[in-house]
Amino acid sequence: MSFSKNTKSFAYPVLVADIGGTNARFALVDDAEAPTRMCGKTATADHPDISSAIREVVLPETDPKPRTAIIAVAGPVTGDRIPLTNAAWVIEPLKMIADLGLDEVIVLNDFEAQALALPGYSGSDIEQVGSGTIREESAKFVLGPGTGLGAAAMIYAAQTWVPVPGEGGHVELGPVTPEDVAIWPHIELVGGRLGAEQILSGTGLPRLARGVATYMGADRDFTTAASITTAAEENDPVAVKTLEVFARALGRVAGDFALAVLARGGVYLTGGVTSRITRFLTDGGFRAAFEAKAPHEALMAKIPTFIVRHPDPALEGLASFARAPEAFAVDMQGRQWTAGAASGAS
């Protein structure tokens, strides 16, 4: 891995893009002192590729045109062709440079972008859950139950923030409480195991709900996360119990990661599911499970946890990197393409 602290700024304006399975969101950073300028979002299905989306959504309203693009994608960045996991697009940085006249394209993991946002959060960007106080210049962790379960650390070392993405969402998740022990045998395994993402995600919630319904002797057919959160708002007992178990399990996993990197700078919850289950995260069960890490309960009580309220955290993380690349040590190997390389490849 090639980590190096950037010593020069990017060529501005910098286009930042958060490319998900359903939507692509765009913003511009005009210079190192400029605020993030939102350009809008579009459905990936409405465009054949990212260049087409940028030409339609960004370029008509932008002058001067962007010279650098920094893009976050869900999944690993490998090679010159980067297929999206849940959409038809294939990100081809050299083609983007040729199509859009860019100087440079950088492609990062989506939760790496989420991690880049963590040092800059303040005020209404975050809502604290439970006790604890941020220790400055200390490790942070972001955990995001959305379609899957994303995870990344932000480590502070040698006066530099180092984002560390990974596949932490696939750690094992077993039962702890007597109620868990009764429910877990009714949850179907995936590949012979039960990883955190198989429960703690939008795709995992229906699996958990089926297990809870069987445990409760109830007949339910929840097929989507939205159907469960909607039913919980109407106080359906199976949906309510499912989200109570979900929040408790999320607290345990968040606590495990807090211990793994000693996240005295806080653990931050993001993702589409998080925003729909606030009352289950703030009713005490999540935080109690987070702190129940004997023999380190006193330590855990000092580590703060937050719900991220910023509307576009990945874009803000990329924008922070665009404004002050020297503040971060980002692994650029195999994830940075320049106009010279594009010319050589043509």
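Residues numbered from 1 in each chain as written. Predicted model: local features only at pLDDT ≥ 70, side-chain atom pairs only at ≥ 80, totals over all residues. Heavy atoms only, no water.

**Side note on the packing of helix H5 (residues 205-216) against helix H7 (residues 237-261)**
The line we're drawing: In this analysis, axes come from line fits to C-alpha atoms, helices being fitted only over the stretch in contact, and the angle between any two N-to-C directions falls in the range 0 to 180 degrees. Helix and strand definitions here come from DSSP, where helices need a minimum of 4 consecutive H or I residues and strands a minimum of 2 consecutive E residues; each element is numbered from the N-terminal end. Any angle that is under 35 degrees is reported as roughly parallel, and any over 145 degrees as roughly antiparallel; angles of 65 to 115 degrees are reported as roughly perpendicular and all others as oblique. Note on convention: near helix rotated counterclockwise from far helix by under a right angle means a left-handed crossing. Clockwise means right-handed. Residues count as neighbours in contact if any of their non-hydrogen atoms are within 4.5 Å of one another. Side-chain classes follow a simple rule in which Ala, Val, Leu, Ile, Met, Phe, Trp, Tyr, Cys and Pro form the nonpolar group, Asp, Glu, Lys and Arg form the charged group, and the remainder, Gly included, forms the polar group.
Between H5 and H7, the least distance of the axes is 9 Å, while the angle of their chain directions is 120°. Regarding the angle of H5 to H7, the classification is oblique. You can see that H5 and H7 cross each other, and the crossing is right-handed. Facing H5, whose interface residues are Leu205, Leu208, Ala209, Val212, Ala213 and Met216, H7 presents Pro237, Val238, Lys241, Thr242, Leu243, Val245 and Phe246. Counted by class, the contact of H5 with H7 contains 11 nonpolar, 1 polar and 1 charged residues.

**A short note on the sheet that holds strand S11 (residues 149-157)**
We count it as follows: Being paired, for any two strands, means DSSP has found at least two bridges between them.
As summarised here, the arrangement of the 6 strands in space is S9-S14-S13-S10-S11-S12, forming an open sheet in which the pairing is mixed. Here the strands that pair on one side only, and so sit at the sheet edges, are strand S9 (126-129) and strand S12 (160-165). Adjacent strand axes in the sheet meet at a mean angle of 25° when their direction is disregarded. In this sheet, strand S13 (residues 267-269) lies alongside strand S10 (residues 140-145) in parallel orientation, the contact comprising 3 bridges. The residue bridging Leu143 from the neighbouring strand is Leu269, located in S13.

**Remarks on the packing of aromatic side chains**
Worth spelling out the cut-off: Side-chain rings of Phe, Tyr and Trp (the six-membered ring for Trp) are treated as a pair once their centres are within 6.5 Å; stacked means planes under 30 degrees apart, edge-to-face means over 60, and tilted covers the remaining angles. Categorising residues by exposure relies on relative accessible area from a 1.4 Å probe, with only protein chains included: less than 20% of the type maximum marks a residue as buried, more than 50% marks it as exposed, and the intermediate range marks it as partly exposed.
Enumeration according to the criterion identifies 7 aromatic pairs in this entry. Seen in terms of ring centroids, Phe10 and Phe321 are 5.3 Å apart; in terms of plane orientation they differ by 75°. Their pairing is edge-to-face. Linking Phe10 in the loop between strand S1 (3-5) and strand S2 (14-19) with Phe321 in helix H11 (residues 313-323), this pair joins segments that are 311 residues apart in sequence. Taking relative accessible area as the criterion, Phe10 reaches 6% and is therefore assigned buried. The exposure class of Phe321 is buried, given its relative accessible area of 0%. Ring geometry for Tyr121 and Tyr268: centres 6.2 Å apart, planes at 40°, overall tilted.

**As for the nonpolar core**
To be explicit about the condition: To qualify as a nonpolar core, a set must consist of buried Ala, Val, Leu, Ile, Met, Phe, Trp, Tyr and Cys residues joined through side-chain atoms within 4.5 Å.
Leu143 and Leu200 are the most contacted members of the largest nonpolar core, which totals 49 residues. Every element with two or more residues in this core is listed here: S10, S11, H5, helix H6 (225-233), H7, S13, helix H8 (278-281) and helix H9 (285-291). It is H7 that contributes the most residues to this core, 13 residues altogether. Within the second largest apolar cluster, 34 residues are counted, among which are Ile106, Leu118, Tyr121 and Leu315.

**Quick notes on unusual backbone geometry**
The omega angle of the peptide bond from Asp63 to Pro64 is 5°, so this bond is cis rather than trans. Residue position: Pro64 is located in the loop between helix H1 (50-57) and strand S5 (68-73). In this structure, the amide linkage connecting Ala294 to the following residue, Pro295, adopts the cis form with an omega of 10°. Note on placement: Pro295 falls in the loop between H9 and helix H10 (297-302).

**Topic: the pairing of strand S3 (residues 23-29)**
Burial analysis of S3 places 6 of its 7 residues in the buried class, the great majority of the element. Where S2 and S3 come together, 6 bridges link them in antiparallel fashion. What sits directly across from Asp18, in S3, is Arg25. Taken together, S2 and the strand that follows it, S3, pair antiparallel across an intervening segment of 3 residues. In terms of strand pairing, S3 meets strand S4 (residues 37-43) through 6 bridges, oriented antiparallel. When the sheet's bridge partners are listed, Phe26 is paired in S4 with Gly40.

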